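# Descriptive analysis of the structure
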Amino acid sequence: MLRQIHSLAGLISALLVMLIGLTGAVLSINPALERLAISVPAGVSVAELAGRVVRHYPGAEQIQRTASGTIIVYYSAGDVSGVDRVDPSSGMAIAPYAPPAYARWFKELHRSLFLDTPGSAAVGITALLMLLVSSSGLFLLLKRVGGWRQLARPLHGNRSQRWHAAVARFAVAGLLLSAVTGSYMSAATFSFISDGSQDEPDIPATTSGGTPLPAARLPALLATSLADLRELSFPLAGDSSAVYTLRIRQGDAYVDQSSGALLAFRAHSNVRESFELIYQLHTGEGLWWLGLILGLSALGAPWLAVTGIAVWWQRQRAKPRIANNSAPASADCVILVGSENNSTWGFARALHDALRQAGQRVHTAPMNQFSSRHNAARQLFILTATYGDGDAPACATHFLTNVAGIAPNQAASYAVLGFGDRQFPTFCQFAQEVDAAMAARGWRRSLELALIDRQSPQEFARWGSQVGALLGHELVLDYAPAHPHTHALQLRERIAYGEEEHDPTVVLRFIAAPLPASAGWLKSRLARHRLPRFEAGDLAGVMAPGSSMPRFYSLASGSGDGVLEICVRKQPGGVCSSYLYHLLPGDRIEAFIQPNPQFRPALGKAPVILIGAGTGIGPLAGFIRNNTGQHPMYLYWGGRHPDSDFLYEPELRNYLADRRLTQLHTAFSRVTNGVHVQTRLMEDADNMRRLIADDGQVLVCGSRAMAASVRQAMDQILAPLKLDVAALREKGRYREDVF
């Protein structure tokens, strides 16, 4: 419900929020510009200022002090009237005063859209919608990352989702403040609430009536600090009964022009003081630094509106459209789906279609709809993501409650498939809870719980093979989420290792492919001819010719290195790895970049422990290559034989020499008394504990089996410190990129 409120309010107000955000950002600069242009003397009284002004402006009628400290004098000289900005130190004119035309234009647009009362009402409604969007967005953001303490953790999702959340993280506080104060001021404009305005104090019935004294000698003005002044109006010349009108931060007063006595004073009410504080917080007037912060936050509004619309549109496109959906009571198989952003529905649709092609009657529905009507099916498949800090996605929030109230069908069995990101401590937690709840309720499990990392098409296809074996016929699940725009790359260099081996390895370095000669004159000049932006540790998605399923390879370089570098082992029967292995310099491929910001060395000087095996060295070598600051980096890497596949050996020797790499520990399995990398970790346990105690971060890259062995070894190593991998992972100090 909260997401729907956020989306609806955001869509309704998007255009006006962008307009008000941009105009607000422009206006936010004014307080800082005014503050730069003035110098406010300390310890000066209103009387001193008035005396200085009168010396240069005998016909002074009024002195104003703006919130930023600018002193303005209104005066008459004969038949001529004017307004000047004056120097408070001397009372001399600086320049005629006139607010910048652009500021007036933007202020009118910001306040009322040039439409007077209707425009002011539209702006007020937009402020309310902005308050609703900001507050709901903040709750969604906290739920997504797992609470306040996790607010700075890396974000996941597609590019639009990540950018939307990243900018929201920066701008939400300022937008909330602007929305709250803007709503309050709009309500005050239309008198829905009081702004605390009050009548002036009663005009004194009598005055001293003596000879007027110079303003500089009036006791009431001498006792008033310039810092408190808002406005001082002079009495009419020649009228002995006239008085000075003094408006200060604390209230309004009248001052006798002969005796200088304070004849009347009315203090501001608390409501009025609150209104003025809210006005300051909204405009930044008198708080130039806050104005700049609000302006920067306001600049985020257009970006949030655009990315928010993009996220909404992607969610609409991914909404479930299940063709040939059988009735629940007559289905052989039931597929229940739990998805927050609808991406899991694509996998469910692929399973639905494959099961139908295999002759099954299939019913697919959201998990919240699970009821006794689904009990007739022989097989129940549950595909679910996990939202935020281990929570259920929106369409599965009632599932566990429903399960508790439904008697299990002893003739049916179930299988749970979880979707998540392994970098997060709560990886597929809700899927695990669902699997455990079904088993505890007495349902018969047909397949062990399977977990899909980052929507891996390969893992989904492997799970499909297990489902096919369960049902007794082949089941092909060939599905991959829509991938981003691809880039043409040309192979510049290949370095082969272990060519005599059954599964050799090759390091491939690509550059941006030149446009073909047939591209035409205009396109050749307009088209982008450089590598896309990426960093070591990001992923390159490559599809072999004739395949729609991308294979992902960790990048061993950043775009700043001038090449896109991957490390590929030719897998037996591997279509994409064979395709890449046989590429020759000059050959072209198409690839897209999938950012992987979770898998990078943390900033700072804490030691970084890099652990990998085989081609997992790729991104680790990239991290070391970019360690030009010579921060402590320790590499533990396992290969097969030093004579055939010591990957990156020359580069690693150079990195040790120039101290980009602090220590290198290798392990080879196909030599006499061969060992694996986890053995090296155990042998160096004391050093490992020292590095972890110094706030060290661990990055692991390699096969799933290797990563499991490393976790086991690390748990043993960390036990004396009363730590384990789970605790480090919770703090973002243990990251894996496994395949």
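This text goes with the structure placed above it.
Residues numbered from 1 in each chain as written. Predicted model: local features only at pLDDT ≥ 70, side-chain atom pairs only at ≥ 80, totals over all residues. Heavy atoms only, no water.

### Side note on the overall build of the protein chain
Scanning the protein chain for helices and strands turns up 21 helices and 25 strands. The C-alpha extent of the protein chain, read off along each of the three principal axes, is 110 × 70 × 65 Å. Counting every position in the protein chain, which comprises 739 residues, the buried fraction comes to 50%. Of the contacts made within the protein chain by residues no fewer than 6 positions apart, 70% connect residues no fewer than 24 positions apart. As presented, the protein chain carries roughly 34,300 Å² of accessible surface, and 56% of it is formed by carbon and sulfur atoms. When the 67 basic and 59 acidic side-chain charges of the protein chain are each reduced to a single mean position, those positions are 6 Å apart. (Helix = DSSP H or I, 4+ residues; strand = E, 2+ residues; numbered from the N terminus. Buried < 20%, exposed > 50% of the residue type's maximum accessible area, 1.4 Å probe, protein only. Contact = heavy atoms within 4.5 Å. Areas by Shrake-Rupley, 256 points an atom, 1.4 Å probe, with all protein chains shown as cover. Lys, Arg positive; Asp, Glu negative; His and termini not counted. Charge placed at Lys NZ, Arg CZ, Asp CG, Glu CD.)

### Brief notes about the packing of helix H5 (residues 116-145) against helix H6 (residues 159-189)
Contact geometry of H5 with H6 gives a least axis separation of 7 Å together with a crossing angle of 140°. Put simply, H5 runs oblique to H6. The chirality of how H5 crosses H6 is left-handed. Two secondary-structure elements touch here, H5 through Gly 124, Ala 127, Leu 128, Met 130, Leu 131, Ser 134, Ser 135, Leu 138, Leu 141 and Arg 144 and H6 through Gln 161, Ala 165, Arg 169, Val 172, Leu 175, Leu 176, Ala 179, Val 180, Gly 182, Ser 183 and Ser 186. Within the contact of H5 with H6, the residues separate by chemical class into 12 nonpolar, 7 polar and 2 charged. (Axes fitted to C-alpha atoms, helices over the stretch in contact; angles between N-to-C directions. Parallel < 35°, antiparallel > 145°, perpendicular 65-115°, else oblique. Left-handed = near helix turned anticlockwise from the far one by under 90°. Nonpolar A, V, L, I, M, F, W, Y, C, P; charged D, E, K, R; others polar.)

### Structural notes on the sheet that holds strand S18 (residues 551-554)
If you trace the 6 strands from one edge of the open sheet to the other, you get S18-S17-S20-S15-S16-S19, paired in antiparallel fashion. The strands lining the two open edges of the sheet, one partner per strand, are S18 and strand S19 (564-569). Averaged over neighbouring strand pairs, the angle between their axes works out to 40° when direction is ignored. Pairing analysis gives 4 bridges linking strand S17 (residues 539-542) to S18, with the strands arranged antiparallel. Its bridge partner being in S18, Gly 541 is matched across the sheet by Phe 552. (Pairing = 2+ DSSP bridges.)

### A few points about the packing of aromatic side chains
Under the definition given, this model contains 20 aromatic pairs. Judged by centre distance (6.2 Å) and plane angle (40°), the rings of Tyr 184 and Phe 275 are tilted. A residue pair is termed long-range when its members are at least 10 positions apart, and Tyr 184 in helix H6 and Phe 275 in helix H8 (residues 270-283) qualify at 91 residues. Pairing Phe 347 with Tyr 479 gives two aromatic rings, centres 4.8 Å apart and planes at 75°, and the pair type is edge-to-face. Of this pair, Phe 347 sits in helix H10 (residues 343-357) while Tyr 479 sits in the loop between helix H13 (457-471) and strand S15 (487-497), placing them 132 residues apart in sequence. Under the relative-accessibility criterion, Phe 347 is labelled buried at 0%. (Phe/Tyr/Trp six-rings, centres within 6.5 Å; stacked < 30°, edge-to-face > 60°.)

### Considerations on the side chain of His 665
Mapping His 665 onto the fold places it in strand S23 (residues 663-668). A residue is classified by how much of its surface remains accessible, and His 665, at 18% relative accessible area, is buried. Only 2.9 Å separates the side chain of His 665 from the side chain of Gln 663, close enough to count as a polar contact. Apart from residues no more than four positions distant in its own chain, His 665 is found in contact with Leu 635, Tyr 636, Trp 637 and Asp 684. (Polar contact = N/O pair within 3.5 Å; in protein donor to acceptor, adjacent residues only side chain to side chain.)

### What about the pairing of strand S7 (residues 251-256)?
For S7, the tally of buried residues reaches 6 of 6 residues, placing the bulk of the element in the interior. Judged by which residues are buried, S7 turns out to be covered on both faces: Gly 251, Ala 253 and Val 255 on one side and Asp 252, Tyr 254 and Asp 256 on the other are all buried. Examined bridge by bridge, strand S6 (residues 243-248) and S7 share 6 bridges and lie antiparallel to one another. Considered in S7, the bridge of Leu 246 is made with Ala 253. Linkage of S6 to S7, two consecutive antiparallel strands, is achieved through a turn of 2 residues. As paired elements, S7 and strand S8 (residues 262-267) share 5 bridges and run antiparallel to each other. Looking at S8, one finds that Tyr 254 is bridged to Ala 264. What sits between the antiparallel neighbours S7 and S8 is a turn of 5 residues, in which Gly 260 has the positive phi angle 75°.

### Overview of unusual backbone geometry
A positive phi angle is found at Asp 116, which is not glycine, with a value near 55°. What makes Asp 116 exposed here is its relative accessible area of 59%.

### Digging into helix H20 (residues 704-718)
With 15 residues, H20 should reach 21 Å at 1.5 Å per residue; the first-to-last C-alpha distance of 21 Å fits that figure. Within H20, the full set of buried residues consists of Met 706, Ala 707, Val 710, Ala 713, Met 714, Ile 717 and Leu 718. Viewed end-on, H20 has its buried residues packed into an arc of 125°, placing them on one side of the element. Exposed side of H20, more than 90 degrees from the buried face: Ala 705 and Gln 712 are the residues found there. The elements touched by buried residues of H20 are strand S21 (608-613), helix H18 (677-683), helix H19 (685-693), strand S24 (697-702), helix H21 (725-730) and strand S25 (734-738). (Expected span 1.5 Å × (residues − 1). Arc of directions from axis to C-beta.)

### Overview of a nonpolar patch on the surface
Side chains of Leu 22, Phe 170, Leu 296 and Leu 299 sit close together on the surface and give an oily, nonpolar patch of about 400 Å² of accessible area. Note on placement: Leu 296 falls in helix H9 (residues 288-317). Its relative accessible area of 47% is what places Leu 296 among the partly exposed residues. (Patch = residues over 30% accessible without salt bridge, like charges linked within 9 Å, V, L, I, M, F, W, Y side chains within 5 Å. Salt bridge = Lys/Arg side-chain N within 4 Å of Asp/Glu carboxyl O.)

### With respect to the sheet that holds S21
Here we have 5 strands laid out as an open sheet, ordered S23-S22-S21-S24-S25, and parallel in their pairing. Only two strands of the sheet have a single partner each, and these edge strands are S23 and S25. When strand polarity is set aside, the average angle formed by the axes of neighbouring strands in this sheet is 10°. Pairing between strand S22 (residues 633-639) and S23: 6 bridges, direction parallel. Counterpart to Tyr 634 in the pairing with S23 is Gln 663.

### Thoughts on the side chain of Gln 458
On the secondary structure map, Gln 458 appears in helix H13. Sequence-distant contacts of Gln 458, defined by excluding residues within four places in its chain, comprise Met 549, Pro 550 and Arg 551.

### A short note on the pattern of salt bridges
Taken as a whole and assessed by the stated rule, the structure comprises 26 salt bridges. Residue Asp 561 pairs with Arg 625 through a salt bridge whose shortest N-O separation is 3.9 Å. One end of the pair, Asp 561, is in the loop between S18 and S19; the other, Arg 625, is in helix H16 (residues 617-625), with 64 residues separating them in the sequence. Put simply, Asp 645 and Arg 569 hold a salt bridge, and the shortest N to O gap is 3.5 Å. Placement of the pair is Asp 645 in the loop between S22 and helix H17 (649-657) and Arg 569 in strand S19, with a sequence separation of 76 residues.

### Quick notes on the environment of Pro 58
Looking at where Pro 58 falls in the secondary structure, it is placed in the loop between helix H3 (46-56) and strand S1 (60-65). Taking the C-alpha atoms as reference points, Pro 58 and Tyr 75, separated by 17 residues in sequence, lie 8.1 Å from one another.

### Some remarks on the nonpolar core
Of all hydrophobic cores here, the largest spans 26 residues; its most connected members are Leu 610, Phe 623, Ile 624, Leu 635, Tyr 648, Leu 652 and Leu 661. Elements supplying a minimum of two residues to this core: S21, H16, S22, H17, S23 and S24. Ranked by residues supplied to this core, first place goes to H16 with 5 residues. When residues no more than four places from it in sequence are discounted, the contact partners of Tyr 648 are Tyr 497, Val 507, Arg 509, Ala 556, Glu 565, Cys 567, Ile 617, Gly 618, Ala 621 and Arg 625. (Core = buried A, V, L, I, M, F, W, Y, C linked by side-chain atoms within 4.5 Å.)

### Side note on empty space enclosed by the protein
The final tally for this structure, using the stated rule, is 1 cavity of 30 Å³ or more. In this structure, the largest cavity is lined by Phe 370, His 374, Ala 377, Gln 379, Leu 380, Ala 412 and Trp 443. Looking at the lining of the largest cavity residue by residue, the classes come out as 5 nonpolar, 2 polar and no charged. (1 Å grid on protein atoms, 1.4 Å probe; cavity = no way out; pocket = protein on both sides within 12 Å on 5 of 7 lines; lining within 4 Å. Points joined across faces, edges and corners; volume = space filled by probe spheres on them.)

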